[in-house]
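A closer look at the structure
Listed here are the chains, written in short residue letters.
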Amino acid sequence: MGTDEVCEIVAKVQAIYPQFKINDEMLVIWMNMFRDMDFDLVMQKLLVHMAKSPFPPAIAEIAAFADKGNHFLEKNMNWEQEGRERIERDKKCGRRKPQPPWLSISVTP
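Per chain, residues are indexed from 1 in the order of the written sequence. Whole-chain, interface and lining totals are the exception, using all residues; otherwise, since this is a predicted model, local features are given only for residues with pLDDT of at least 70 and side-chain atom pairs are given and counted only at 80 or more. In computing side-chain properties, one takes all heavy atoms of the structure into account and sets aside hydrogens as well as water.

For the rest of this paragraph, the subject is the overall build of the protein chain. A tally of regular secondary structure across the protein chain gives six helices and zero strands. Atoms counted for the radius of gyration: C-alpha only. Globule rule: 2.2 Å times residue count to the power 0.38. A globule of 109 residues ought to have a C-alpha radius of gyration of about 13 Å, yet the protein chain, at 29 Å, is considerably larger. Considering only C-alpha atoms, the protein chain reaches an extent of 85 × 35 × 25 Å along its principal axes. Remark: exposure states derive from per-residue accessible area (1.4 Å probe, protein chains only) relative to the maximum for the residue type, with buried under 20%, exposed over 50%, and partly exposed in between. The buried share of the protein chain, reckoned over its 109 residues, is 22%. Nonlocal contacts in the protein chain, meaning residues at least 24 apart in sequence, comprise 64% of its contacts between residues at least 6 apart. Only DSSP runs of H or I reaching four residues or more are called helices, and only runs of E reaching two or more are called strands; each is numbered from the N terminus. By the convention used here, residues are in contact when the closest approach between their heavy atoms is within 4.5 Å.

Attention shifts here to helix 5 (residues 72-93). Each turn of an α-helix holds 3.6 residues, which means side chains three or four residues apart point in the same direction. Here a helix's expected span is defined as the number of its residues, less one, multiplied by 1.5 Å. Its 22 residues give helix 5 an end-to-end C-alpha distance of 31 Å, which sits within 8% of 32 Å, the value for a rise of 1.5 Å per residue. Looking one or two places after helix 5, you find Gly94, whose phi comes out positive at around 80°.

Quick look at the pattern of salt bridges now. Salt bridges are defined by distance alone: a side-chain nitrogen of Lys or Arg within 4 Å of a carboxyl oxygen of Asp or Glu. Per the stated rule, a full pass over the model turns up two salt bridges. With a shortest N-O distance of 3.9 Å, Arg86 and Asp90 are connected by a salt bridge. Residue Arg86 and its partner Asp90 are located together in helix 5, separated by four residues, close to a single helical turn. The closest approach of N and O atoms between Lys91 and Glu88, which form a salt bridge, is 4.0 Å. Of this pair, Lys91 and Glu88 are both found in helix 5, three residues apart, which corresponds to roughly one turn of the helix. The exposure class of Lys91 is exposed, given its relative accessible area of 60%. Assessed through its relative accessible area of 42%, Glu88 is described here as partly exposed.

Within the secondary structure layout, Glu61 lies in helix 4 (residues 59-62). Look at Glu61 and you get partly exposed, because its relative accessible area is 43%. For the pair Glu61 and Val42, spaced 19 residues apart in sequence, the C-alpha separation works out to 9.4 Å. Among all residues touching Glu61, those that are not within four sequence positions of it are Lys45, His49 and Pro56.

Right under this line is the structure:
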């Protein structure tokens, strides 16, 4: 989030909560804290907070980070698809992997 966006958030907070006073040092802290956050998500949380609370928000109450994404599920699905394709290909070609010894031992009572 950029400086202009942080200033917009602070301006909204000051407009709704007249008791919210901010100085230069606090503004620098807010800018540093909001640097890695998503502006739209923070604004959504701020609007919800404004609708519910008569008090100005703390940074933690409106903090919102963008989803970084988890590619594990996609990789796992690709791995499973490749495995299915390999198994089908091996069936069509008549190739079969050797059976492990512990599977080929038959137990008779």
